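Read off the chains here:
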Amino acid sequence: SAASNSMGKRHHVENIAHRGASGHAPENTMAAFHKAFWMKADYIEVDVQMSKDGELVIIHDTTLDRTTDGSGLVSEHTLEEMKQLDAGSWFSNEYAGEKIPTLEEVLDEFRGKIGILIELKSPELYPGIEEKVAEALKDRNMDKPRNNKIIIQSFNHDSVIKTKSLLPRVPLGVLAGMSWQDVTDEELEEFATYADYFNPNQNILNPELVERIHDKKLKIWPYTVREQEQADRLLKLGVDGIITDFPEYVYHHPRPR
Ligand code: G3P
Ligand code: CA
């Protein structure tokens with residue numbers, strides 16, 4: 001999407017489909033990722049966790065209950081066990097039989113087609129997850145900036161720093177929830193020493209903060225837009241990308257399929 005910021009300069013605003021086009025299809029499933037691709041989003045956002053047997057799985061909650069017909073902790077189930085589960089029916093019958101994808105399946109299916117914003121979800125629960133993600137990317141030669149659009153982000157900033165040492169050439173983002181609404185210039189400067197993106201809860205953003213973040217040369221991709229008015233406000237503020245359940249809200253005009 002093209003937008004004008006307060007300086008009147010037009011720039012492309014990246015359209016990031018949150019957990020896939022999760023307003024239209026069950027979050028973090030291949031159906032939601034394909035939908036985002038068809039809707040011409042620039043990136044899919046995926047939440048990565050680790051199974052009991054050390055496989056990287058794409059699911060948001062640390063438990064299976066909300067988005068599958070299973071229950072209990074992700075960390076206490078093997079990949080094989082989780083592959084038996086239905087990750088689509090909770091959303092609608094139309095999606096019955098959708099499976100929990102692995103990170104490797106998503107990389108293989110979407111590399112070169114759409115950008116992938118990888119969130120390390122609760123990495124403190126999964127010792128070694130940063131190494132596993134690094135290995136999955138290196139195996140595919142996807143750890144070089146010229147290859148595809150891959151970004152890794154986390155609310156756990158120590159995990160982002162660790163990822164920097166493992167994948168020095170992959171762009172990184174720090175996620176910032178409401179508790180960062182009084183973030184200082186010093187803290188932003190520190191983030192800028194290892195990250196390229198500062199991705200905040202949209203509700204902490206105002207014109208002054210946008211300017212202070214940009215002064216540190218960090219890009220801003222706020223989350224999570226679920227209404228057109230929210231997208232409009234952020235576009236006006238001059239953000240660099242918008243993480244949304246509804247990619248169509250980031251377009252000024254729906255694009256032809
Ligand atoms: O991409 C940012 C956003 O996904 C963070 O919040 O809870 O949806 O993972 P959450
Ligand atoms: Ca996420």
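Residues numbered from 1 in each chain as written. Chains lettered and ligands numbered in written order. Predicted model: local features only at pLDDT ≥ 70, side-chain atom pairs only at ≥ 80, totals over all residues.

**So, the overall build of the chain**
In step 1: Check the secondary structure of the chain and you find 8 helices and 11 strands.
In step 2: In terms of overall dimensions, the chain is globule-like: its C-alpha atoms have a radius of gyration of 18 Å, near the 18 Å expected for 257 residues.
In step 3: Each of the three principal axes of the chain carries a C-alpha extent, and together these read 50 × 40 × 35 Å.
In step 4: Every one of the 257 residues in the chain was classed for burial, and the buried ones make up 45%.
In step 5: Look at the contacts in the chain between residues 6 or more apart in sequence, and 56% of them connect residues 24 or more apart. (Helix = DSSP H or I, 4+ residues; strand = E, 2+ residues; numbered from the N terminus. Rg over C-alpha atoms; globule rule 2.2 N^0.38 Å. Buried ≥ 20, exposed ≤ 12 C-beta atoms within 10 Å, placed from the backbone. Contact = placed C-beta atoms within 7 Å.)

**Structural notes on the nonpolar core**
Nonpolar side chains tend toward joint burial in soluble globular proteins.
In step 1: Ile44, Ile116, Val133, Phe198 and Ile242 are the most contacted members of the largest nonpolar core, which has 71 residues in total.
In step 2: Residues within four places of Phe198 in sequence aside, it is in contact with Val174, Ala176, Leu188, Phe191, Ile213, Leu218 and Ile220. (Core = buried A, V, L, I, M, F, W, Y, C linked by C-beta atoms within 7 Å.)

**Focus on the site of ligand 1**
In step 1: As a structural note, the neighbourhood of ligand 1 is formed by His18, Glu45, Asp47, His60, Glu119, Leu175, Asn199, Tyr223, Thr224 and Ile243.
In step 2: Broken down by class, the residue content of the shell around ligand 1 amounts to 3 nonpolar, 4 polar and 3 charged. (Near = placed C-beta within 6 Å. Nonpolar A, V, L, I, M, F, W, Y, C, P; charged D, E, K, R; others polar.)

**Thoughts on the pairing of strand β9 (residues 197–200)**
In step 1: With burial as the criterion, each face of β9 is covered, one bearing Tyr197 and Asn199 and the other bearing Phe198 and Pro200.
In step 2: The pairing of strand β8 (residues 172–176) with β9 spans 4 bridges and is classified as parallel. Note that in β9 the partner of Gly173 across the bridge is Tyr197.
In step 3: For the crossover that starts at β8, traverses helix α6 (residues 185–192) and ends in the parallel β9, the hand is right-handed.
In step 4: With helix α7 (residues 207–215) bridging β9 and the parallel strand β10 (residues 219–220), this β-α-β connection has right-handed handedness. (Pairing = 2+ DSSP bridges. Right-handed = clockwise from strand over helix to strand, strands pointing away.)

**Quick look at the pairing of strand β3 (residues 14–18)**
In step 1: The buried fraction of β3 amounts to 5 of the 5 residues, a majority that puts the element mostly inside the structure.
In step 2: The alternating pattern of β3 places Glu14, Ile16 and His18 on one face and Asn15 and Ala17 on the opposite face, and all of these are buried.
In step 3: Taken together, the 4 bridges between β3 and strand β11 (residues 241–244) define a ladder with parallel strand orientation. Paired with Ala17 across the two strands is Thr244, which belongs to β11.
In step 4: Inspection of the sheet shows β3 paired to strand β4 (residues 43–50) by 3 bridges, in the parallel sense. Each bridged residue has a counterpart across the sheet, and for Ala17 the counterpart in β4 is Ile44.
In step 5: Taken together, β3, helix α1 (residues 30–38) and β4 form a β-α-β motif whose crossover is right-handed.

**Examining the packing of helix α4 (residues 129–139) against helix α5 (residues 157–166)**
In step 1: Following both chains from N to C, one finds α4 and α5 inclined at 40°, their axes separated by 10 Å at the closest point. Taken together, the axis directions place α4 and α5 in an arrangement best described as oblique. The handedness of the crossing between α4 and α5 is right-handed. Facing α4, whose interface residues are Glu130, Glu131 and Ala134, α5 presents Ser159, Lys162, Thr163 and Leu166.
In step 2: Considered class by class, the residues forming the contact of α4 with α5 number 2 nonpolar, 2 polar and 3 charged. (Axes fitted to C-alpha atoms, helices over the stretch in contact; angles between N-to-C directions. Parallel < 35°, antiparallel > 145°, perpendicular 65-115°, else oblique. Left-handed = near helix turned anticlockwise from the far one by under 90°.)

**Considering the environment of Met82**
In step 1: For Met82, the location among the structural elements is in helix α2 (residues 79–83).
In step 2: In this structure, the C-alpha to C-alpha distance between Met82 and Pro101, residues 19 residues apart in sequence, is 9.4 Å.
In step 3: For Met82, the contacting residues outside a window of four places in its chain are Ser51, Val57, His77 and Ile100.

**Here's the deal with the confidence of the model for the chain**
In step 1: Per-residue confidence for the chain gives a mean pLDDT of 94; residues scoring 70 or more make up 93%.
In step 2: This model gives residues 253–257 a pLDDT under 50, and the stretch forms 3 contacts once residues within four places in sequence are excluded. (pLDDT = per-residue confidence, 0-100.)

**Observations regarding the environment of Glu80**
In step 1: With respect to the element layout, Glu80 can be found in helix α2.
In step 2: Between the alpha carbons of Glu80 and Ser51 there is a distance of 9.4 Å; along the sequence they are 29 residues apart.

**Examining helix α8 (residues 228–237)**
In step 1: If you check which residues of α8 are buried, you get Ala231, Leu234 and Leu235. End-on view of α8: buried residues confined to an arc of 105°, all on one side of the axis.
In step 2: Downstream of α8 by a residue or two, Gly238 has a phi angle that is positive, lying close to 85°. (Arc of directions from axis to C-beta.)

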